[in-house]
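Structural description and commentary
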Amino acid sequence: MRIGIIGLPATGKTTLFDLLCVAGGAHVSHHGGNEPAVAVVKVPDSRLERLASLIFKPKKVTHATMEFVDFVALTRGAGQGEGLGSHYLSQMRQVDALLHVLRNFDDPGIAHVEGKVDAARDAVLVNTELLLADLDLVEKRIGRLEADLKKIKKDEALKELELLKRCRAWLAEEKPVRDLPLTEDDQKLLRGFALLTAKPLLLLLNIGEGTLGKPNPIQERLQRALGGKGVAVTQLCAKMEMEVAQLPPEDAEVFRKDLGLQAGGFAEVLRACFDLLGLVTFYTGEGGEETRAWTIPAGTTALKAAGVIHSDLERGFIRAEVVHFAELEAAGSLAAAKKKGILRVEGKEYRVADGDVVTVRFNV
Ligand SMILES: Nc1nc2c(ncn2[C@@H]2O[C@H](COP(=O)(O)OP(=O)(O)OP(=O)(O)O)[C@@H](O)[C@H]2O)c(=O)[nH]1
Ligand SMILES: [Mg+2]
């Protein structure tokens, strides 16, 4: 899964990106030039660590990962092709979700492009640019389809045209496509366009050091104004989190308490991304070679989950042996879990749950 970090200039996008890299032990790839940097971040996971140290004692521990892209700032007009940010709109379409960093800290030394710090206004401003970018794309496609339809009438093209016209009307009312009621077929058809306002959106308030631990009325305001299906609001002090992330773990703990930082701000951002994308984690570890966390959409069947591990496991699937992490931890080992009768045998259609420890039995 790939998350695009977006926002106005100097809101803390790169500070957040660096935090994700440091705290998430990321491998960063930067192709130079004008390409945005991409970090493959390890998802912190205490269950995985406990499985490894207490149950499986493997040679290798592999965390689930999530990718983050540090995009160039968007500015007013980007949706209509102005500014540097507009060059990246097509790359922004390639991500699975958008993480919008909103400046919510005062610092007289750092100018705000819009003059004054106002996170609620910025949320709407960037939203509008995304709406305009989508509207532009939809209109261009409508134009092309109408030209084609003059030459030959095709049912598929007519269906697409009708759907795009619905999108156009919706966007023109300044409503994001994620809120447009769509059938599954419509969704499939639209997926190819990768509309920005159809993507899940995480609004992240980058709060000032002085407001740590205090209630933030803007968070609630944003939730009310923009919240809804596929939108989440959270907050973090990127600068302070970055400082804490660079400390040895023991000192970091003490610092967090003193500063009133919520437990693991970095982990919470990742948690919010997981929830927004409807993802869950399952684990494998039998055999002792590797204990590993895997990411799947909630509701994935055991057969498809097996395929995420390896296509051979899906092809030759016989059954899955499943026990939940908490039960396995209490039992102490897979053998003990089996003895207690809590190791379940599940078939292809079983929906893997968050925290399941799974062993796939398969024909080679
Ligand atoms: N006081 C304060 N300053 C912050 C905070 N987060 C970021 N900054 C500062 O804001 C400035 C901009 O931060 P960046 O992370 O570079 O912002 P950006 O959004 O990547 O900026 P551009 O890529 O230039 O658009 C830097 O000087 C940061 O140190 C914060 O939480 N509090
Ligand atoms: Mg930056």
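Just above, that's the structure.
Now for a description of the structure that goes with this document. (Residues numbered from 1 in each chain as written. Chains lettered and ligands numbered in written order. Predicted model: local features only at pLDDT ≥ 70, side-chain atom pairs only at ≥ 80, totals over all residues.)

1. Quick look at the sheet that holds strand β5 (residues 65-70)
Remark on secondary structure: sheet strands pair via backbone hydrogen bonds, oriented parallel or antiparallel. Test applied: Criterion used throughout: strands pair if DSSP finds at least two bridges between them. Put simply, DSSP H or I for four residues or longer makes a helix, DSSP E for two residues or longer makes a strand, and each gets a number counted from the N terminus. For helices, the axis comes from a line fit to the C-alpha atoms of the stretch in contact; other axes are also lines fit to C-alpha atoms, and the angle between any two N-to-C directions lies between 0 and 180 degrees.
Taken together, 7 strands build an open sheet; the order of strands is β2-β3-β5-β1-β6-β7-β8 and the sheet is mixed. Edge strands, defined here as strands with exactly one partner in the open sheet, are β2 (27-29) and β8 (231-236). Averaged over all adjacent pairs, the angle separating strand axes in this sheet is 25 degrees, with direction ignored. Of the pairings in the sheet, the one linking β2 to strand β3 (residues 37-42) comprises 3 bridges and is antiparallel in character.

2. Some remarks on the site of ligand 1
Applied cut-off: Near residues are defined by distance alone, with the backbone-placed C-beta atom required to lie within 6 Å of the molecule or strand. Each residue is assigned to one class: nonpolar for Ala, Val, Leu, Ile, Met, Phe, Trp, Tyr, Cys and Pro, charged for Asp, Glu, Lys and Arg, and polar for all the others, Gly among them.
Neighbouring ligand 1 are 17 residues; Gly 12, Lys 13, Thr 14, Thr 15 and Ala 73 lie closest to it. The set of elements that each furnish at least two residues to the shell around ligand 1 consists of α1 (13-23) and α8 (238-245). The leading source of residues in the shell around ligand 1 is α1, at 3 residues. Across the shell around ligand 1, the residue classes tally to 7 nonpolar, 7 polar and 3 charged.

3. Things to note about the nonpolar core
Convention followed: Here, a nonpolar core means buried Ala, Val, Leu, Ile, Met, Phe, Trp, Tyr and Cys residues linked by C-beta atoms lying within 7 Å of one another. With C-beta atoms placed from the backbone, the exposure class of a residue follows from how many other C-beta atoms lie within 10 Å of its own: 20 or more, buried; 12 or fewer, exposed; in between, partly exposed. For every residue pair, C-beta atoms are placed from the backbone, and the pair is scored as a contact if these atoms sit within 7 Å.
Counting residues in each nonpolar core, the largest one holds 95 residues, and the members touching the most others are Ile 5, Leu 20, Phe 68, Leu 203, Leu 204 and Val 358. Among the elements that make up this core, the one with the highest residue count is helix α4 (residues 119-151) (9 residues). If we ignore the near neighbours within four places in the chain, the residues touching Leu 20 are Ala 26, Ala 39, Val 41, Phe 68 and Phe 266.

The analysis is restricted to geometry; functional conclusions fall outside its scope.
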